[in-house]
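Close look at the chain arrangement
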Amino acid sequence: MRNLKYLFVPFFCKPSLLKLSTHSQDESYTKVYANQKKYKIELLNVQVQHLEMLYWRDMQMENAIYKLCYFNGQVLENVRGRNAFIIQSTCPPVNENLVELFLFISALRRASVKSITVIVPYYGYSRQDHKLVKTQSIAAADIARMLEQIGIDHLVSIDLHRGQLQGAFSTDVPVDNLCPYITLIYELNNHPLKLSPPNELTLVSPDFNGISRVKKVQDELKFAFPNFKTKMAMIYKSKDPVAEKEISLVGDVNGKNCLIIDDIVDSGTTLRNAADILKREGAKSVMAYATHPVLSEKAVLTIAISNLSKIFITDTIQVKELDKLILQDKLTVLSVAPLLAETIYRLQRKESLHELLSQNKL
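As named in an unreviewed UniProt entry, the protein is ribose-phosphate diphosphokinase, taken from Paramecium sonneborni. As stated in UniProt under Catalytic activity (unreviewed entry), the record for the protein gives "D-ribose 5-phosphate + ATP = 5-phospho-alpha-D-ribose 1-diphosphate + AMP + H(+)".

Structure (structure tokens):
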């Protein structure tokens, strides 16, 4: 086993040191780099603490060092022959974050690293995965080609807009698309929803493409809470420009507690419109879950005045403090740090990630 001896995290803040446990029997180790310019420091701290707990499982530990340092275009430690993990969420400003990622990968390759696993919690341009007009690029696939050409060995992401994006990479670069809904399970386990009737929830997809996403959440809930009764519903929107306003609801939500499931909340209009439709059809309460909080322009205000009583999001993208203040108790941010930490740990031990998700525990 190649052990995780150092976590080296380039971050734009004051350097600090934390202890991390490790084996001493193997000289090879893994370095985990996190380019966190737009990422909250808390995500890294939780991830390091979780990795520390994971490595204590193996016993026979000795203290090592976790370094929180700057990254200024160069690799600051010897990485020759090592496995490296880079954590970089390509959220807005997408182009800036992507260029930083490309240069960092290049720097590691030039420093003779053994392998590079890129962990992209939010994959920028993921919605541009097909042509809407003849002269448009397929940016999601183009970014995949760039990452492959620059020299990555493995890509890990969370809740890709469409799973088919994994096919944009060749077989030389395996892609793991992590399911984030375990974070929601933990939240509901620690802070149960006050539902009436109790233990009954209707999961709603805001469009046809999100049905598989809703089914995954339903399976997770059934596994974690056997007594929980869940039903599914879908909001159907016509793609015909002439009938653009033709929206219908498939499923019964009258008197039900509804939870809308989506992968990205950008402008907030999709969630607002879905909540309006559900309320109009007699829903008792409407909540929402979205993995990636892009929250562009007036999205927070749109959500704040909507019929949503609660919205769950993860920290794959940093949420501004002002946005939290505006939404107050309506917003709950779920951390993906334990999920990423467990992923790194299992990849190092060559364990199955599918097993991790199917066990519904970290």
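The structure having been displayed, the exposition proceeds.
**Considering the overall build of the protein**
Counting secondary structure elements, the protein contains 10 helices and 15 strands. In the protein, buried positions account for 51% of the 362 residues. The long-range share in the protein, meaning contacts at least 24 apart out of those at least 6 apart in sequence, stands at 73%. On the protein, roughly 17,300 Å² of surface is accessible, and the fraction owed to carbon and sulfur atoms is 51%.

**A word on the packing of helix 2 (residues 94-110) against helix 3 (residues 139-150)**
Each pair of packed helices gets described by two things: the angle between the helix axes and the distance between those axes. Contact pair helix 2 / helix 3: the axes reach a minimum separation of 9 Å and the direction vectors enclose 20°. In terms of their interaxial angle, helix 2 and helix 3 are classed as roughly parallel. Like other packed secondary-structure pairs, helix 2 and helix 3 cross with a definite hand, here right-handed. Facing Leu98, Leu101, Phe102, Ile105, Ser106 and Arg109 of helix 2, the residues of helix 3 in contact are Ile143, Met146, Leu147 and Ile150.

**Some words on the pattern of salt bridges**
Applying the stated criterion to the full structure yields 9 salt bridges. Notably, a salt bridge pairs Asp153 with Arg109, separated by 2.4 Å at the nearest N-O pair. Highlighted residues: Asp153 in the loop between helix 3 and strand 7 (154-158) and Arg109 in helix 2, separated in sequence by 44 residues. According to the relative accessible area criterion, Asp153 is partly exposed, its value standing at 29%. Classification of Arg109 by relative accessible area gives partly exposed; the value is 27%. As a salt-bridge pair, Arg127 and Asp266 come within 3.0 Å of each other at their nearest N and O atoms. In this pair, Arg127 sits in the loop between strand 6 (115-120) and helix 3 while Asp266 sits in the loop between strand 12 (257-265) and helix 6 (269-280), placing the two residues 139 residues apart along the sequence. Taken together, the shared-partner salt bridges connect Glu342, Arg346, Arg349 and Glu351 into one network.

**Notes on helix 9 (residues 337-348)**
When the terminal C-alpha atoms of helix 9 are compared, their 17 Å separation across 12 residues agrees well with the 16 Å that a helix rising 1.5 Å per residue should span. Buried residues dominate helix 9, accounting for 12 of its 12 residues. Listing the buried residues of helix 9 in full gives Ala337, Pro338, Leu339, Leu340, Ala341, Glu342, Thr343, Ile344, Tyr345, Arg346, Leu347 and Gln348. Lys350 sits one or two positions beyond helix 9 and adopts a positive phi of about 60°.

**Looking at the nonpolar core**
If you look at the biggest cluster of nonpolar residues, it comprises 28 residues, and the most contacted ones within it are Leu108, Tyr123, Leu147, Leu155 and Phe169. Those elements that place two or more of their residues in this core are strand 5 (83-87), helix 2, strand 6 and helix 3. Top contributing element to this core by residue count: helix 2, with 8 residues. Filtering out sequence-adjacent residues up to four positions away, Leu155 remains in contact with Val118, Val120, Tyr123, Leu147, Phe169, Val173, Pro174, Val175 and Asp176.

Scoring rules and cut-offs
Residues numbered from 1 in each chain as written. Predicted model: local features only at pLDDT ≥ 70, side-chain atom pairs only at ≥ 80, totals over all residues. Heavy atoms only, no water. UniProt positions renumbered as here; feature names shortened; annotations may be inferred. Helix = DSSP H or I, 4+ residues; strand = E, 2+ residues; numbered from the N terminus. Buried < 20%, exposed > 50% of the residue type's maximum accessible area, 1.4 Å probe, protein only. Contact = heavy atoms within 4.5 Å. Areas by Shrake-Rupley, 256 points an atom, 1.4 Å probe, with all protein chains shown as cover. Axes fitted to C-alpha atoms, helices over the stretch in contact; angles between N-to-C directions. Parallel < 35°, antiparallel > 145°, perpendicular 65-115°, else oblique. Left-handed = near helix turned anticlockwise from the far one by under 90°. Salt bridge = Lys/Arg side-chain N within 4 Å of Asp/Glu carboxyl O. Expected span 1.5 Å × (residues − 1). Core = buried A, V, L, I, M, F, W, Y, C linked by side-chain atoms within 4.5 Å.

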